[in-house]
Amino acid sequence: MTEESTAPVDGVLLITVDSLRADAVGGENSHSPNIDALAESGTNVENAFASGNWTPFSFPSILGSKPVFAEGPDIGVASDSTLAETFDEHGAETAGFNAANGFLTSHWGYDRGFDSFETFTESDGSLYGRYLAAHPTVQGWVQLLSSPFRRAIGRLKGDDRPQFLDASRLIDVESRAVSFLESTDGPFFLWVHYMDTHTPYVPAPRHLRQVTNNKTSTLRMLRAHLRTGLGLEVNDSTLADLRSLYDATVHQVDASVGRLLDKLEAEGLRDETCVVVAGDHGEEFMDHGHLAHYPKLYDELTHVPLIIDHPAMDASDISAPTSLDTLPPTLLDAAGLPTEGFDGESILSAVRDGESTHGEPPVSVAVRGDSVTQQPIPKRIDEGDLLVSARSEEWTYIHHTDGESHELYDRIADTGEQENLWPDSRDEPGVAVLREAALDHVNRLEDGATSGNQPAAGETPDGVQKRLKALGYQ
């Protein structure tokens, strides 16, 4: 940090939300009042982009130091110091709590540097618990059918708190995070990852009632999951129901974020903590013909919320396209720690001065098999066609390495990225810069895939495999 920069904070709280697309928060019909308030008081990075279309391709740049495939053909964090390791090396107490995303486990190196680390990928050990862990949609049906009985039992016990099945492990994660905040007594780094907005969407009924104004039954909503699971046509009604379920999970996460912020305040930590909220990637609702997050690099899958609330900095907006690989150096910079070795560059000065960033174009990657919907989705760079995108304020450029095909979209005139202008507009100002950035990244990853520097992951643990299968990845 420079001499004129603000004094370092004592605490950093990084909140990541799986599959949270940029338009899911904020706006006139927002269902995220706590996150919106954070954006109003802090810095809203309006055009933040994930480094990949799904978690294993995005998180190496969020918690690690290098992009996916930079040191080998497999997913996982690079061998250099991670964000948590850097905090830990400089005396901060570190904790990470992930709501059962099997990709964010110690198997792929995400525990490195955390004093406390929990992924909740194991069931309670019973046959019933193992079954529910492997079938999260069934958990939604159980939650729906048992909700009245849970409320009745709660009233009999004199417990007025909402009673529901913790299908997404939100309460588990929140409880561990709260306990950490209650016990920490020095500099800290806390990472919390929510899974509610990841398909299948199974919000508690009260959150669904909030976003639909009590007009829609949970039973009808869950039928939408049943229809898509059976491969039936995704008509307008089904799509609207799925989006309502998704919005309800956003509301559910937002409520938990609000409780964490309240706990920071109650523990006297709020005025010395930098709070960041980000999506790790987006989610598609037939924007380009599919649901969830298949291997594509359009805005609905890469454009994510990014909010940075530094307690000593004024509210501001940053409009320039910004990569999530800026997160590790920015958080370290906020804490007054060194940022060397990380790919991205800190944007703390832009947050402090309310100015737009002027870094490299955000680059995102995906690997596509023989078809967009191929299962399992390719997880290695050599399992399919490598796609790399680069973005400016005016253009989206996507390069397909297999067959050397290209896509180019006018981000201003064609916000939905529907009309491919390649090759007619390939010579427009700024396009050459994006193409060069994408091709440089392709060359880097292809070189990195054969470097042999990536730590060996070994055989995937049984509990992690089950969670990945439950999420549709096996």
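Going by the structure above, here's the rest.
Not measured: the values here are computed from a predicted model.

Caption draft 1: The packing of helix H6 (residues 170–183) against helix H9 (residues 236–266), seen in detail. Where H6 meets H9, the axes come as close as 10 Å, and the angle between the chain directions of the two elements is 10°. Relative to H9, H6 is oriented roughly parallel. Between H6, through Leu-170, Ile-171, Glu-174, Ala-177, Val-178, Leu-181 and Glu-182, and H9, the contact on the second element is made entirely by Gln-252, Val-253, Ser-256, Arg-259, Leu-260, Lys-263 and Leu-264. Of the residues that constitute the contact of H6 with H9, the class distribution is eight nonpolar, two polar and four charged.

Caption draft 2: Highlighting the sheet that holds strand E10 (residues 303–304). Taken together, three strands build an open sheet; the order of strands is E10-E3-E13 and the sheet is mixed. At either end of the open sheet lies a strand with only one pairing partner, and these are E10 and strand E13 (322–323).

Caption draft 3: Representation of a negative patch on the surface within the structure. A cluster of acidic residues, Asp-10, Asp-262, Glu-265, Asp-271 and Glu-272, forms a negative patch on the protein surface. The residue Asp-10 is located in the segment before strand E1 (11–17) in this model.

Caption draft 4: Molecular detail of the pairing of strand E16 (residues 395–400). The buried fraction of E16 is high, at six of six residues. Of the two faces of E16, the one lined by Trp-395, Tyr-397 and His-399 and the one lined by Thr-396, Ile-398 and His-400 are each fully buried. Inspection of the sheet shows strand E15 (residues 385–391) paired to E16 by five bridges, in the antiparallel sense. Bridging across to E16, Arg-391 finds its partner in Thr-396. Where E16 lies against strand E17 (residues 405–410), six bridges are found, and the strand directions are antiparallel. Pairing of His-399 across the sheet is with His-406, part of E17. Hairpin connection from E16 to E17: four residues lie between these consecutive antiparallel strands, with Gly-403 at a positive phi of about 90°.

Caption draft 5: Focus on the side chain of Ser-389. In this fold, Ser-389 is placed in strand E15. The exposure class of Ser-389 is buried, given its relative accessible area of 0%. In terms of polar contacts, Ser-389 uses its side chain to reach the side chain of Arg-391, at 3.1 Å.

Caption draft 6: Region of interest: the environment of Ser-405. Looking at where Ser-405 falls in the secondary structure, it is placed in strand E17. Beyond its immediate stretch of four places on either side in the chain, Ser-405 contacts Ile-398, His-399 and His-400.

Caption draft 7: The sheet that holds strand E4 (residues 93–98), seen in detail. Strands sit in the order E5-E4-E6-E1-E7-E11-E2-E12 across an open sheet of eight strands; the sheet is mixed. Bordering the open sheet on either side are strand E5 (116–118) and strand E12 (316–318), each of which pairs with just one other strand. Along the sheet, successive strands turn relative to each other by an average axial angle of 10°, direction set aside. Where strand E2 (residues 43–45) lies against E12, three bridges are found, and the strand directions are parallel. Following the sheet pairing, Thr-43 is matched in E12 by Ser-316. Helix-sheet contacts for H6 involve E4, E5 and strand E6 (188–194), and the interaxial angle to E6 is about 170°.

Caption draft 8: Looking closely at the packing of aromatic side chains. Under the definition given, this model contains 16 aromatic pairs. Here Phe-57 and Phe-69 contribute two aromatic rings whose centre-to-centre distance is 5.2 Å and whose plane-to-plane angle is 70°, an arrangement assigned as edge-to-face. Remark: Phe-69 occurs in the loop between helix H2 (55–58) and helix H3 (83–89) and Phe-57 occurs in helix H2; sequence separation between them is twelve residues. The class of Phe-69 is buried, set by a relative accessible area of 2%. Between Tyr-201 and Phe-285, the ring centres sit 6.0 Å apart and the planes meet at 40°, which makes this aromatic pair tilted. Residue Tyr-201 is located in the loop between E6 and helix H7 (205–212), and its partner Phe-285 is located in strand E8 (residues 284–285); the two are separated by 84 residues in the primary sequence. Assigned by exposure class, Tyr-201 and Phe-285 land together as buried. Each residue in the set Phe-59, Phe-87, Tyr-110, Phe-114, Phe-117, Phe-189 and Trp-191 is aromatic and connected to the rest through ring pairs, giving one cluster.

Caption draft 9: Quick look at the pairing of E1. Counting buried positions over the seven residues of E1 gives seven, a clear majority of the element. Because side chains alternate across E1, one face comprises the buried residues Gly-11, Leu-13, Ile-15 and Val-17, and the other comprises Val-12, Leu-14 and Thr-16, equally buried. Taken together, the seven bridges between E1 and E6 define a ladder with parallel strand orientation. Bridge pairing links Gly-11 to Phe-188 in E6. As paired elements, E1 and strand E7 (residues 273–279) share seven bridges and run parallel to each other. Residue Thr-16 lies in a different strand from E7, and its bridge partner there is Ala-278.

Quick notes on the rules
- Residues numbered from 1 in each chain as written.
- Predicted model: local features only at pLDDT ≥ 70, side-chain atom pairs only at ≥ 80, totals over all residues.
- Heavy atoms only, no water.
- Axes fitted to C-alpha atoms, helices over the stretch in contact; angles between N-to-C directions.
- Helix = DSSP H or I, 4+ residues; strand = E, 2+ residues; numbered from the N terminus.
- Parallel < 35°, antiparallel > 145°, perpendicular 65-115°, else oblique.
- Contact = heavy atoms within 4.5 Å.
- Nonpolar A, V, L, I, M, F, W, Y, C, P; charged D, E, K, R; others polar.
- Pairing = 2+ DSSP bridges.
- Patch = residues over 30% accessible without salt bridge, like charges linked within 9 Å, V, L, I, M, F, W, Y side chains within 5 Å.
- Areas by Shrake-Rupley, 256 points an atom, 1.4 Å probe, with all protein chains shown as cover.
- Salt bridge = Lys/Arg side-chain N within 4 Å of Asp/Glu carboxyl O.
- Lys, Arg positive; Asp, Glu negative; His and termini not counted.
- Charge placed at Lys NZ, Arg CZ, Asp CG, Glu CD.
- Buried < 20%, exposed > 50% of the residue type's maximum accessible area, 1.4 Å probe, protein only.
- Polar contact = N/O pair within 3.5 Å; in protein donor to acceptor, adjacent residues only side chain to side chain.
- Phe/Tyr/Trp six-rings, centres within 6.5 Å; stacked < 30°, edge-to-face > 60°.

Distances and angles like these do not, on their own, reveal function.
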